[in-house]
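For reference, the chains in residue letters:
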Amino acid sequence: MEFQFGQEEELFREEIRNFVKSELPADWAMGMFEEGDSDETWAFIMSISRKLSEKGWLTMTWPREYGGQGASAWKALVYSEEVGYWGIPGTGMGVSGVSWVGPSLILFGTEEQRRKYMPLIAAGHPDGVWCTGYSEPNAGSDFANLRTQALRAGGEYVINGQKIWTSSAHRARWCWLAVRTDPNAQTRHAGISIIIVDMKSPGVTVRPIRNYIGNHHFNEVFFDDVRVPVENLVGEENRGWYQLMRSLGYERGGVAVSSCGHNKRVLEELVRYAAEKGLLDKAEIRQGLAQAAIDIEVQRLLAYETIWKMSQGKTPTFEPSRDKVLNDEILKSLSSVGMDILGPFSQLRRYGRSLNWFHDLGGLRSLYWNLIGMSSAAGTEFTQKNIIGQFGLGLPRSY
Ligand SMILES: Cc1cc2nc3c(=O)[nH]c(=O)nc-3n(C[C@H](O)[C@H](O)[C@H](O)COP(=O)(O)OP(=O)(O)OC[C@H]3O[C@@H](n4cnc5c(N)ncnc54)[C@H](O)[C@@H]3O)c2cc1C
């Protein structure tokens, strides 16, 4: 059995590499959760989003009428691989614009919503940047415990409550907000809806949270009597939970591919560095690198399988969770062997955006310290395993 891409995909891969050479600094590297940290970095990232949009790549799988190219899943896979490998920034339009706002609007939105919001995302426009408001102080893994309320008053919803860990809220124009629209629903999972909120609305307050290594990536967001037109409801009122369950696995299916590209690059840089420094005769380093190579290859094949299922029109259920758990494990072992290889250099802090990648400046520090955040973001390991148990093994559900 041999996996090969067609000529079209390989030519496309070459085109992306040329783009990287012409648009990114030679030693470009984006540390984890650093994208919204400074105005300068953010402006650079948005300039790359625009260029990706001009190339037609930013939202290439979307239908043409909403700013996409109708590209195949395989072409998108090549793009994601290269995005991860080279660390191309600006591919998300906030934390959610590209990956799930657009695709969810295709599944559940009105035609008016699609035409209003999707072209802005596809154009790499600052008004196409989104944040996602799911988590609350008492609703993380237990998402159905959310308390933020949106009550109908005539032609509007009036929203009150608080979200937390909201990535990119300080950069976003819109929030993809999960709210409780029926406080008296019979089960906690009923009565939740998704509403689009303009972050410029009166009553929205964004308060920064700096993570433990000092980056400003996420925020608290407060909603005090925020009024939103009822047209901003996405899909059916009180069916938000079910809509999200249907769309999330599908939309996160592609993430494993870019993670795999990223991990492959880290591994290659570590091998190069270890060879340069004469470290390859140390057994524990050889073993660590070899294990990482095995894990990354497994990750690549599983990621391809998820994309293949999607290309067949099947909705992945447990696969994105499986791929995420595996990725968290790989990041742990890669950063650990990387710290061993780099020694004290791994503690150096990287500033700015033009820095040596995993070389003398020790970019692994960012990876190592951000592991805890990485493994919680988009659902913790235990949440993912509950999903795998339910949908992959047919075990009783955990909630
Ligand atoms: C970098 C980063 C970015 C984020 N961005 C966003 C964002 O943009 N929007 C957003 O809404 N949220 C965001 N989050 C929040 C993220 O979704 C939550 O952190 C995550 O869902 C976990 O929720 P929690 O932090 O409340 O932890 P908890 O749910 O309190 O979990 C604490 C621990 O208990 C375990 N646990 C909980 N329930 C169970 C169970 N039933 N079975 C077994 N173990 C369990 C968990 O696995 C975990 O180890 C972000 C988080 C991070 C770290």
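Given the structure is predicted, the values throughout are model-derived calculations rather than measurements.

Comments concerning the site of the ligand
So, step 1. Close to the ligand lie 24 residues, the nearest being Y134, G140, S141, T380 and F382.
So, step 2. Put simply, the parts of the chain that give the shell around the ligand at least two residues each are β1 (130–133), β7 (216–229), α11 (371–376) and α12 (381–393).
So, step 3. Here the shell around the ligand is composed, by residue class, of eight nonpolar, 15 polar and one charged.
So, step 4. In this structure, the shell around the ligand is formed jointly by two domains, domain 2 (130–238) and domain 3 (253–393), each of which donates at least three residues.

Some remarks on the domain arrangement of the protein
So, step 1. What the domain assignment lists for the protein is domain 1 (29–128), domain 2 (130–238) and domain 3 (253–393).
So, step 2. The centre of domain 1, based on its C-alpha atoms, is set 22 Å off from the matching centre of domain 2.
So, step 3. Counting residues at the interface gives 18 residues for domain 1 and 16 residues for domain 2.
So, step 4. The biggest single contributor to the side of domain 1 that touches domain 2 is helix α4 (residues 97–108), with five residues.
So, step 5. Here the side of domain 1 that touches domain 2 is composed, by residue class, of eight nonpolar, seven polar and three charged.

A word on α4
So, step 1. With respect to burial, α4 is a largely interior element, nine of its twelve residues being buried.
So, step 2. The complete set of buried residues in α4 reads G97, V98, S99, W100, V101, G102, S104, L105 and F108.

What counts, and at which threshold
- Residues numbered from 1 in each chain as written.
- Predicted model: local features only at pLDDT ≥ 70, side-chain atom pairs only at ≥ 80, totals over all residues.
- Near = placed C-beta within 6 Å.
- Helix = DSSP H or I, 4+ residues; strand = E, 2+ residues; numbered from the N terminus.
- Nonpolar A, V, L, I, M, F, W, Y, C, P; charged D, E, K, R; others polar.
- Domains from an automatic or database assignment.
- Contact = placed C-beta atoms within 7 Å.
- Buried ≥ 20, exposed ≤ 12 C-beta atoms within 10 Å, placed from the backbone.

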